[in-house]
Amino acid sequence: ETALFTFEADGAQLIPQALFDVTGVVLGKKRYLPWGAYHMAPWDIGIGWNEMSDPANLSEVSFWQRNRFMHYRYGAGASVNKYMIIPNSANIHIIPANDEVKRQMSEVKEGNLVRLTGFLVDISDGETYLKTSLERGDTGAGACEILYVQAIDLDPIS
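Bear in mind that the values here come from a model prediction, so they are computed numbers and not experimental data.

Chemist: Please explain the overall build of the chain as it appears in this structure.
Modeler: Helix and strand content of the chain: 3 helices and 9 strands. Here the C-alpha radius of gyration of the chain, 15 Å, is about what a compact globule of 158 residues would show, namely 15 Å. Reported as C-alpha extents along the three principal axes, the dimensions of the chain are approximately 50 × 35 × 30 Å. Considering only contacts in the chain between residues 6 or more positions apart, those separated by 24 or more positions represent 70%. Of the roughly 8500 Å² of accessible surface on the chain, 51% is carried by carbon and sulfur atoms. When the 13 positive and 20 negative side-chain charges of the chain are each reduced to one mean point, those points stand 7 Å apart.

Chemist: Where do I start with the nonpolar core in this structure?
Modeler: Inside soluble globular proteins, nonpolar side chains tend to come together where they are buried. Of all hydrophobic cores here, the largest spans 19 residues; its most connected members are Ile47, Ile92, Ile94, Met105 and Leu116. Of all elements in the fold, only β2 (12–31), β3 (43–48), β6 (89–96), α3 (99–105), β7 (113–124) and β9 (145–153) reach the threshold of two or more residues within this core. If near-sequence neighbours (up to four positions away) are discounted, Ile92 is found in contact with Phe20, Val22, Trp43, Asp44, Ile45, Ile47, Leu116, Glu145 and Leu147. Among the nonpolar cores identified, the runner-up in size contains 13 residues, and Ala12, Leu14, Phe119 and Ile123 belong to it.

Chemist: Would you take a moment to explain the packing of aromatic side chains for this structure?
Modeler: The description of an aromatic ring pair uses the distance of the two centres, along with the angle that the planes make with each other. Counting across every chain of the model gives 2 aromatic pairs. Both rings, one in Phe63 and one in Tyr72, keep their centres 6.5 Å apart while their planes meet at 55 degrees; by these two values the pair is tilted. Seen in terms of ring centroids, Tyr72 and Tyr74 are 6.2 Å apart; in terms of plane orientation they differ by 5 degrees. Their pairing is stacked.

Chemist: Looking at this structure, I do not really get unusual backbone geometry. What am I missing?
Modeler: For residues besides glycine, phi is generally negative; the peptide bonds are generally trans as well. Unusually for a residue other than glycine, Asn67 sits at a positive phi of about 55 degrees. Its identity as a non-glycine residue notwithstanding, Arg68 has a phi of 70 degrees, on the positive side. Structurally, Arg68 is set in the loop between β4 (61–66) and β5 (69–74).

Chemist: So what exactly am I meant to see when it comes to the pairing of β2 here?
Modeler: One face of the sheet, then the other: side chains in a regular strand alternate in exactly this way. Pairing between strand β1 (residues 7–9) and β2: 3 bridges, direction antiparallel. Its bridge partner lying in β2, Glu8 is registered against Gln13. Counted along the chain from β1 to the antiparallel partner β2, the turn is 2 residues long, and its residue Asp10 has a positive phi close to 50 degrees. Direction of pairing for β2 relative to β7: antiparallel, over a ladder of 12 bridges. The residue bridging Leu19 from the neighbouring strand is Phe119, located in β7. As defined by bridge partners, β2 adjoins β3 across 6 bridges and the pair is classed as antiparallel. What sits directly across from Lys30, in β3, is Asp44.

Chemist: Looking at this model, I keep getting lost on the pattern of salt bridges. Mind explaining?
Modeler: Side chains that differ in sign of charge can pair as their charged atoms come close. The final tally for this structure, using the stated rule, is 7 salt bridges. Of the charged contacts, one joins Asp44 and Arg68 as a salt bridge, the two residues approaching to 2.8 Å between their closest N and O atoms. With Asp44 in strand β3 and Arg68 in the loop between β4 and β5, the pair connects residues that are 24 residues apart, well separated along the chain. Arg68 carries the same exposure label as Asp44, and that label is buried. When the shortest N-O distance is used, the salt bridge between Lys131 and Asp122 registers 3.6 Å. Take Lys131: its relative accessible area is 54%, and that puts it in the exposed class. Each member of the salt-bridge network shares a partner with another, and the members are Glu100, Arg103 and Glu107.

Scoring rules and cut-offs
- Residues numbered from 1 in each chain as written.
- Predicted model: local features only at pLDDT ≥ 70, side-chain atom pairs only at ≥ 80, totals over all residues.
- Heavy atoms only, no water.
- Helix = DSSP H or I, 4+ residues; strand = E, 2+ residues; numbered from the N terminus.
- Rg over C-alpha atoms; globule rule 2.2 N^0.38 Å.
- Contact = heavy atoms within 4.5 Å.
- Areas by Shrake-Rupley, 256 points an atom, 1.4 Å probe, with all protein chains shown as cover.
- Lys, Arg positive; Asp, Glu negative; His and termini not counted.
- Charge placed at Lys NZ, Arg CZ, Asp CG, Glu CD.
- Core = buried A, V, L, I, M, F, W, Y, C linked by side-chain atoms within 4.5 Å.
- Buried < 20%, exposed > 50% of the residue type's maximum accessible area, 1.4 Å probe, protein only.
- Phe/Tyr/Trp six-rings, centres within 6.5 Å; stacked < 30°, edge-to-face > 60°.
- Pairing = 2+ DSSP bridges.
- Salt bridge = Lys/Arg side-chain N within 4 Å of Asp/Glu carboxyl O.

Shown next as C-alpha cells:
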C-alpha cells in the first residue's frame, strides 16, 4: 500500500510503513561510518523482549553486530534456541529524528532497558531503495527494521 505521507531527511526520502514502539533490553549497539543509503542510520541496536530480556536466558547466548547484521551464538545444551531468539529480538537500524535522539544514543549501553518510538521506514536515495522489515520471523538480508526514532526513553519503568 502507498504510505499516507513521505518526508525528506539527509538527501533521501523516508516512506513510513508503520508506527513502532518497542521496549526491551539492549543486546548490542554498534556505530557505523556513513555509507550509501544507510548514511542517515549511523547506529544499529539489537533489542530483546519477552524471553530475550530474561537475564537467565541472556546468560546462555552471546550477541554481536557486524556488517549491519546482529549475530548470536549459544552452546549445546542451552535452554535457548533460534525459535526463542528470532521472534523475540531484532536488529534495528536507527535514524535519529532530532538532536536529542542523537544525544541520547550516546548514552544507550548494552544491558540497558530502553523504549524506542517512531516509524518503521523504507529509504529511497535515488539510487537505492531499502525496505524495513515488517515481520518478526524473518532472518538474513532484509530482516532488519529501519526505525526513524522520534523518542528514546532510557528508563521506561519509572
